[in-house]
Amino acid sequence: MRRLMLAALAAILLAPATARAGTYDLTIGTAAINVAGKDQTAMTINGSIPGPVLRFKEGEDLVINVTNTLAEDTSIHWHGLILPYQQDGVPGISFPGIKPGETFTYRFPAQQAGTYWYHSHSGMQEAVGMYGALVIEPKAREPFRYDREHVIVLSDWHPDDSPHKILSNLKMSADYYNYQKRTLSTFVDDAGKMGLGAALADRMDWGDMRMLPSDIADVSGYVFLANGRNTEQNWTGLFKPGERVRLRFINAAAMTFFDVRIPGLKMTVVQADGNNVRPVPVDEFRIAVAETYDVIVRPTEDKAYAVLAESMARTGFARATLAPRMGMAGDIPANRPKQYLTMADMGMAHGDMAGMAGMDHGTMGQGATHTMPDGSTMAGTRHEGQGMTHAMPDGTTMKGESHAGHSMPAQPTHTMPDGATMAGMDHSAHGAPASGDKADPFYAPGSGLMPKAAEGGKFLSYADLKAIKPLYPDRPAAREIEVRLTGNMERYVWSINGVKYSDAEPIRLKFGERVRFKFVNETMMTHPMHLHGMWQILDNGSGKYNPAKHTISIAPGKTVEADIEADAEGEWAFHCHLMYHMATGMFRKVVVERETAEAVR
């Protein structure tokens with residue numbers, strides 16, 4: 001008997017080391033929810049929105065069985081995870097999708113740690129509930145302490161229209177959901193503040209571009225949710241006074257950027273898109289669609305704190321609560337004033353850009369020129385709309401900006417909707433570090449979207465993010481690929497380099513190379529660009545400590561650069577994560593392939 005026991009023990013000790021497998025069963029279906037005052041049908045994962053929080057440990061194998069009970073195809077994409085491309089969950093690129101009645105098993109190792117999420121990549125199912133959080137615990141001790149944690153998944157829900165109806169309406173009129181259109185009354189108000197001539201010129205400028213200063217979000221009217229609950233339903237996370245609480249924020253919204261704050265509490269940002277960063281104490285941060293941020297707070301008082309996620313367009317907010325006991329609620333402050341785009345957000349001074357760029361008002365004197373999309377130049381002087389046009393990336397034309405009524409001194413200014421003036425715009429400062437209350441370098445100077453903390457404190461900038469432990473050795477990129485973010489609002493078509501996905505060739509990368517993506521936002525919208533399967537190392541001026549992100553938000557009129565280490569062979573999706581921008585063409589396939597000779601060997 002003793003010999004048998006020793007043999008059994010030896011067999012256990014000598015057995016090959018295998019990773020533990022974390023297994024989940026997910027069922028895709030539908031269920032009724034009521035977050036807008038009436039029962040509506042949502043697409044759910046295991047019967048709820050969001051789906052369950054999936055937890056794994058770094059190094060173990062993930063086994064996730066996904067069963068489709070819908071009457072249509074579905075899929076699950078593991079957002080931000082490094083994995084074999086066949087497990088990435090994008091129909092048409094990495095696999096065929098999951099047919100009705102089928103079960104698909106995803107299997108891949110957890111190669112990283114951090115806060116991530118998962119969502120459908122089929123049609124527009126994500127916009128009606130198909131998303132959830134995924135957390136991978138690290139092997140090693142984390143560089144920060146906390147006593148408990150909560151996951152907060154932010155999202156938007158439209159109370160009236162389905163995603164397909166929304167897209168149809170946007171195709172009919174890009175301003176269909178703009179509920180802040182300017183009226184005769186607002187013109188009278190503006191004339192009172194700005195003077196009649198300036199107000200008329202302002203209207204002409206925006207009219208020439210067929211835009212409105214309130215075009216911050218393509219879709220308004222959403223109900224905003226925190227963990228699937230609206231403001232009144234008030235999702236609540238508990239704490240004991242004095243505890244350090246880790247909050248894992250995930251923006252799973254279809255179209256909404258959120259500005260997050262917790263009045264009365266300082267937040268320390270410790271992780272961005274799943275990667276640890278040097279701690280940054282902030283009062284507020286902006287989370288783009290598809291991004292994640294982890295923060296640590298330390299409430300010391302025996303009271304409730306409101307967790308407020310206000311939409312960037314100031315159309316409402318999601319509210320959750322941190323409290324020592326259930327049933328409590330924090331105070332809700334008044335809404336902040338609406339935000340409005342400015343001429344800076346129209347890309348009026350892309351001195352470092354091509355395409356729609358070239359309208360550098362800093363050189364608008366006699367003899368100044370505009371660089372046109374084809375590289376030619378156009379004389380400056382006065383542009384009173386006498387038939388002058390700018391060629392757009394998709395071949396359409398845009399009327400020249402009318403400057404009638406504007407005086408153009410050496411340091412030109414634009415009159416803003418509130419009557420204030422704004423200096424000329426210079427996009428050359430991208431990548432510069434932020435300090436104190438200086439303007440965020442990742443927004444165009446004078447931008448109407450420039451972040452500002454509600455209570456006057458620190459607002460997180462991309463420039464603040466520094467990796468604790470860089471994922472890759474620092475090395476120069478072998479080449480640069482320009483990624484111009486383009487679109488046509490009249491037709492509601494979004495594109496990359498003027499070409500929508502259905503007409504585009506893949507972006508091809510060589511396995512092992514480092515490539516620099518130069519994002520040039522030539523539109524008036526902010527685009528959160530997500531690359532599947534590989535990291536985007538954001539150049540924020542931190543050198544080898546530049547942060548690695550899976551999603552990078554590019555503000556209007558800005559150029560942002562990021563390096564890609566092409567270390568994942570296969571075919572990957574690359575797209576704007578705004579649902580209706582992705583659906584109408586701001587999407588590419590990225591192919592990472594080895595050299596032919598190497599592949600043959």
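Quick note: structure is the one above.
What counts as what
Residues numbered from 1 in each chain as written. Predicted model: local features only at pLDDT ≥ 70, side-chain atom pairs only at ≥ 80, totals over all residues. Heavy atoms only, no water. Helix = DSSP H or I, 4+ residues; strand = E, 2+ residues; numbered from the N terminus. Contact = heavy atoms within 4.5 Å. Pairing = 2+ DSSP bridges. Axes fitted to C-alpha atoms, helices over the stretch in contact; angles between N-to-C directions. Buried < 20%, exposed > 50% of the residue type's maximum accessible area, 1.4 Å probe, protein only. Lys, Arg positive; Asp, Glu negative; His and termini not counted. Salt bridge = Lys/Arg side-chain N within 4 Å of Asp/Glu carboxyl O. Polar contact = N/O pair within 3.5 Å; in protein donor to acceptor, adjacent residues only side chain to side chain.

**As for the environment of Ala127**
- Structurally, Ala127 can be placed in the loop between strand 7 (114–119) and strand 8 (131–137).
- With 28 residues separating them in the primary sequence, Ala127 and Ser155 have C-alpha atoms 8.6 Å apart.
- Leave out the neighbours within four places in its chain, and Ala127 touches Asp156, Trp157, Pro163, Ala254 and Met579.

**Regarding the sheet that holds strand 36 (residues 587–593)**
- Reading across the sheet, the five strands line up as 28-36-35-30-33 and stay open at both edges, with mixed pairing between neighbours. In this open sheet, the two edge strands, each paired with only one partner strand, are strand 28 (507–510) and strand 33 (551–554). Along the sheet, successive strands turn relative to each other by an average axial angle of 20°, direction set aside.
- In the sheet, strand 30 (residues 527–531) pairs with strand 33 via four bridges, with the strands oriented antiparallel. Its bridge partner lying in strand 33, Pro528 is registered against Ser553.

**Things to note about the environment of Ser542**
- On the secondary structure map, Ser542 appears in the loop between strand 31 (536–538) and strand 32 (548–549).
- The buried category is assigned to Ser542, whose relative accessible area is 13%.
- The sequence separation of Ser542 and Ala463 amounts to 79 residues, and the corresponding C-alpha distance is 8.0 Å.
- When residues no more than four places from it in sequence are discounted, the contact partners of Ser542 are Leu465 and Lys466.

**What to know about the side chain of Asp88**
- Looking at the secondary structure, you find Asp88 in the loop between strand 5 (77–79) and strand 6 (103–109).
- Despite being buried, Asp88 has no salt bridge partner; Lys589 is the closest side chain of opposite charge, sitting 12 Å away.
- One polar contact links Asp88 to His532, side chain to side chain, over a distance of 2.7 Å.
- Excluding anything up to four places from it in sequence, Asp88 contacts Ile76, His77, Trp78, Leu83, Ser94, His532 and Trp572.

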